[in-house]
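Chain residues, written in single-letter form:
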Amino acid sequence: MEHVMEHPERWAAALGGAALVVLGAKKLSDERHPLGALLATTGAGLILRSTRSDTRARLSGRRGTIVEESAAINRSPADLYEFWRTLDLLPLVMPELHSVEQVGHRRSHWIAKGPARWPIEWYADIINDIPNEMIAWRTIEGSQVACAGSVHFEPGLPGRGTTVHIKLQYDPPAGKVGSAVAWLFGDEPSQVIREGLRRFKQLMETGEIPTTDGQPRGK
Amino acid sequence: MKALVWHGTNDVRVEKVPDPQILNPRDAIIKVTSTAICGSDLHLLDGFIPTMKSGDILGHEFMGEVVEVGKASHKLKVGDRVVVPFTIACGSCFYCQRELWSLCDNSNPNAKMVEALYGYSGSALFGYSHMYGGYAGGQAQYARVPYADVGPMKVPDHLADEQVLFLTDIFPTGYMAAENCNIQPGDIVAVWGCGPVGQMAIASALMLGAEKVLAIDCVPARMRMAAQLGAVETINFEEEDVFDRLKQLTAGRGPDSCIEAVGLEAHGSTLDAYYDRAKTATFLATDRPTALRQAIHACRKGGTVSIPGVYGGFLDKMPIGAAFGKGLTFKMGQTHVMKYLRPLLDRIEAGQIDPSFVITHRLPIDEAAEAYKLFRDSKDECIKVVLKPH
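Quick caveat: nothing in here was measured; it's all calculated off a predicted structure. (Residues numbered from 1 in each chain as written. Chains lettered and ligands numbered in written order. Predicted model: local features only at pLDDT ≥ 70, side-chain atom pairs only at ≥ 80, totals over all residues. Heavy atoms only, no water.)

Visitor: Teacher, can you tell me more about the overall build of chain B here?
Guide: A tally of regular secondary structure across chain B gives twelve helices and 18 strands. Taken over the C-alpha trace, chain B has a radius of gyration of 20 Å; the compact-globule value for 390 residues is 21 Å, and the two agree within 12%. Seen through its principal axes, chain B has C-alpha atoms that stretch 60 × 50 × 45 Å. Looking at chain B residue by residue over its 390 residues, the buried ones come to 59%. (Helix = DSSP H or I, 4+ residues; strand = E, 2+ residues; numbered from the N terminus. Rg over C-alpha atoms; globule rule 2.2 N^0.38 Å. Buried < 20%, exposed > 50% of the residue type's maximum accessible area, 1.4 Å probe, protein only.)

Visitor: Even after reading the chapter, I still don't get the pairing of strand β14 (residues 257–260) of chain B, so can you show me in this structure?
Guide: Walk down a regular strand and you will see the side chains alternate between the two sheet faces. All names here are of chain B. Where burial is concerned, the two faces of β14 agree: the one with S257 and I259 and the one with C258 and E260 are both buried. In the sheet, strand β11 (residues 188–192) pairs with β14 via four bridges, with the strands oriented parallel. Residue pairing in the sheet places V191 in a bridge with I259 of β14. Pairing of β14 with strand β15 (residues 304–307) involves three bridges; the strand directions are parallel. Bridging from a neighbouring strand, S257 pairs with T304 of β15. (Pairing = 2+ DSSP bridges.)

Visitor: Teacher, can you tell me more about the confidence of the model for chain A here?
Guide: The predicted coordinates ought not to be read in detail in places where the model reports low pLDDT. For chain A, the mean per-residue pLDDT works out to 71, and 61% of the residues sit at or above 70. The low-confidence segment residues 1–53 of chain A, where pLDDT is below 50, has 152 contacts with residues more than four positions distant or belonging to other chains. (pLDDT = per-residue confidence, 0-100. Contact = heavy atoms within 4.5 Å.)

Visitor: Can you walk me through the sheet that holds β11 of chain B in this structure?
Guide: The strands that make up a sheet pair up through hydrogen bonds in the backbone, lying either parallel or antiparallel. All names here are of chain B. Judged by pairing direction, the sheet is parallel, and its six strands sit side by side in the order β13-β12-β11-β14-β15-β16 without closing on themselves. Pairing within the sheet leaves two strands with one partner each, and these edge strands are β13 (232–236) and β16 (329–332). Looking at each pair of strands side by side, their axes are set apart by 20° on average, direction ignored. Direction of pairing for strand β12 (residues 212–217) relative to β13: parallel, over a ladder of five bridges. Each bridged residue has a counterpart across the sheet, and for V213 the counterpart in β13 is V232. Packed on one face of the sheet, helix α7 (residues 242–249) meets β11, β12 and β13 and runs near 160° to β13. (Axes fitted to C-alpha atoms, helices over the stretch in contact; angles between N-to-C directions.)

Visitor: Help me understand the packing of aromatic side chains, please; the structure alone is not making it clear to me.
Guide: Remark: the centre distance and the inter-plane angle together describe each pair of aromatic rings, the angle taken between the planes. The final tally for this structure, using the stated rule, is seven aromatic pairs over all chains. Between F94 of chain B and Y95 of chain B the ring centres are 5.0 Å apart and the planes differ by 75°, which places this aromatic pair in the edge-to-face class. Relative to Y132 of chain B, the ring of Y128 of chain B has its centre 6.5 Å away and its plane inclined at 55°; by these criteria the two rings are tilted. On the basis of relative accessible area, Y128 of chain B is assigned to the buried category, the value being 5%. Following the ring pairs from residue to residue traces out a cluster consisting of F83, W84 and F200 of chain A. Geometry around F94 of chain B places R98 of chain B over its ring, the cationic atom sitting 3.6 Å from the centre. (Phe/Tyr/Trp six-rings, centres within 6.5 Å; stacked < 30°, edge-to-face > 60°. Lys NZ or Arg CZ within 6 Å of the ring centre and 35° of its normal.)

Visitor: What is the right way to look at the packing of helix α4 (residues 170–179) of chain B against helix α11 (residues 337–349) of chain B in this model?
Guide: A pair of packed helices can be characterised by two numbers: the angle between their axes and the separation between those axes. All names here are of chain B. Following both chains from N to C, one finds α4 and α11 inclined at 100°, their axes separated by 10 Å at the closest point. With respect to α11, the element α4 is oriented roughly perpendicular. Mapping the contact onto sequence places F171, P172, Y175, M176 and E179 in α4 and V337, K339, Y340, L344, R347 and I348 in α11. Per-class residue counts for the contact of α4 with α11 are eight nonpolar, no polar and three charged. (Parallel < 35°, antiparallel > 145°, perpendicular 65-115°, else oblique. Nonpolar A, V, L, I, M, F, W, Y, C, P; charged D, E, K, R; others polar.)

Visitor: Would you mind going over the packing of α4 of chain B against helix α5 (residues 196–207) of chain B with me for this structure?
Guide: Residues and elements named next belong to chain B. Between α4 and α5, the shortest axis-to-axis distance is 7 Å and the interhelical angle comes to 50°. It follows that α4 is oblique to α5 by the angle criterion. Seen along the crossing, α4 lies across α5 with a hand that is right-handed. Counting all contacts with α4, which are made through I170, F171, T173, G174, Y175 and A178, the residues of α5 involved are P196, V197, M200, A201, S204, A205 and M207. (Left-handed = near helix turned anticlockwise from the far one by under 90°.)

Visitor: How should the pattern of salt bridges be read in this particular structure?
Guide: Any two side chains of opposite charge can pair, on the condition that their charged atoms come close. In the structure shown here, the tally under the stated rule is 24 salt bridges over all chains. Salt bridges sharing common partners tie together D46, R376, D377 and K379 of chain B. (Salt bridge = Lys/Arg side-chain N within 4 Å of Asp/Glu carboxyl O.)

If you want it as C-alpha cells, here you go:
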C-alpha cells in the first residue's frame, strides 16, 4: 500500500465515514433508544451486535479495522456537538468529501472522492444521538462499505477542554470498491482519523485551519 | 516583491517572488521595514535543518507596517507599526492560554512531521522548514502573518526600528534564558556563547540582578562586546581551561546558573541520520568540548542549566550522572515570545536596555545572500546583520 502521508486527502475522505454520525441527528433525538448510551459507550462493535444488518455481520466481534482516537478540544461539549450535527460544515474539515445529502428521516447519502476522483458512496443511519454527549451511526444494510462508529464529547475539568473520542470500525469488501476504500484509509487509519480530529480541533479552537497553500515561493 | 530564498546548502538568493496574500481570516500582511538574520538561520544555510525545500523564503526576525488585515483579524489596523514574534501561536489552545506560546497546539499545519520525531508538536515558526509549518519568512518586502490578532505588538513611534526589532526573537530569547535561571542576589551566571542571543542573555542576567556574568567564547569582537555590558568577565575557551577558570571565579563553588547559548544541531529524519550527525558532533567535541556538556560539568550543586541554544535531535554522551549527582535543574525550549513583548518593550522605553547594541552591519536586502556568509564566517567582525527590504 502507499503511504498515508503522501496522500493527505485520504484522511479527509475517510473521516467522511466518521462524520456519518451527524446523519439525521435532529430527527433521531426525538426517538432515542434507552439502550443507546450504553451501547454507544461500549463501542462500535457492541452497537453493531445490537442491530440487524449485514453491516453487523461483517463487523461482528472485532472483524474489520477498528480505530479509536481522542483529542482534547478547548470548547464546550455543546459547541462541539453542534458542529457535528451541522452537516454543511463538515466539508471544512473534510475537503475531499464530495457531497452529503439528507435523503430520509434519519438517513443520508455520502459521496467521497476516491482514487482518480472515482467516487465512493454509502448510505448511513444515525442509530443514537444524545445532545451534547454523543452520536453513533452505521452504514445501512446492503452498503458497499460496512462502517460504524461513534463520537463522544466528555467535559473535562475547568481549563482542560472537552475530550472528543472517536471510534470507527469498517470492513472494505473485496474488489474494486474495496481497494478504493483501502486507498482512502491507507496503511494507518489511526493517522487518518487523527489528522481529521486535528483539523476539527484547529477549526473549533481558532476559527480556521492553518495553511500555507497559496503563499509565495521562490523559483 | 524581493525575498531571500533558500535553494539548498550554501545556496540562498535574493529573487523576485509573488507578493503574499491573505489566506485565512485572521491573517494580516506586513510591509517589512526591518528584518534580521538570526544565528539559527545559519543552520538553514549550512543544510542542517531537515524538511527544507528549494524555494522557501527565510527569515523570522521582522517588523513593519500593517498593509492589509483579514476579515476576522480585529486587533490590527492598516498603518499600525508592529513587531512580529518568530513563533506563531493561535492564542486559544491549552498552551497559549497558559502563556506557553511556543507550544501552541494549532499553528503548525505539518504537526504530524514533528510528532513523528518528538511525540508532540510545538508551534510553527516563520521561515524555518516545513517541519515547523512551512510558513514563508520575513526576509522579504512583505510577509503574511497568521493569527495577526495574537502575535504582533504595536510599537511606539518614538522608538526606532532597531531599538524594537529584536523583540521578535533574540531579546526575549536571551531574557527567558536568564529568567529561567531564577537569579537570586549574589548569583554568578555563566553564559556559553557571545553571539546575539548570548549578548541578550548576559544583558538580561545583569538586569535581573546577577552579581556577575562570566561569558565564554573565542571570537574577540564578541568578547569585547560582552565585556562592555557591565559586571562581565570573559573567558576564551581556546586559551583557558573553562572549568578551572569558572571555579576560580566562583570561590570554588561553580556558577549558580549556566546559560548555554550555543546549541547543537543534530538533525535528520531517520535514526541512522541522527547517529551520523551525533558522530559529527562528537568529532567536533574532541576539538571544542561542546558547550552543554561543559555547562553541566561546571554548574554548582543544585544549580540551573538554561538552554536557549537550539537542539533538534539526539545528544551523544550526555553527562546525566553529573546532572543527577548535583541535583541540577534544566530549563529549555523555544521562546514564549508573546509573554515577553510588553514587559521588555517597557524596559526599552524605560532606557534599561537598547538591544540595538548588537548590530554590526546594516545592508539592503539585495545584499542578503552575501550577508549570510559574512555572518556565518564572522568576517569583518560581523555579529548581527539588519536588512532593509525597501
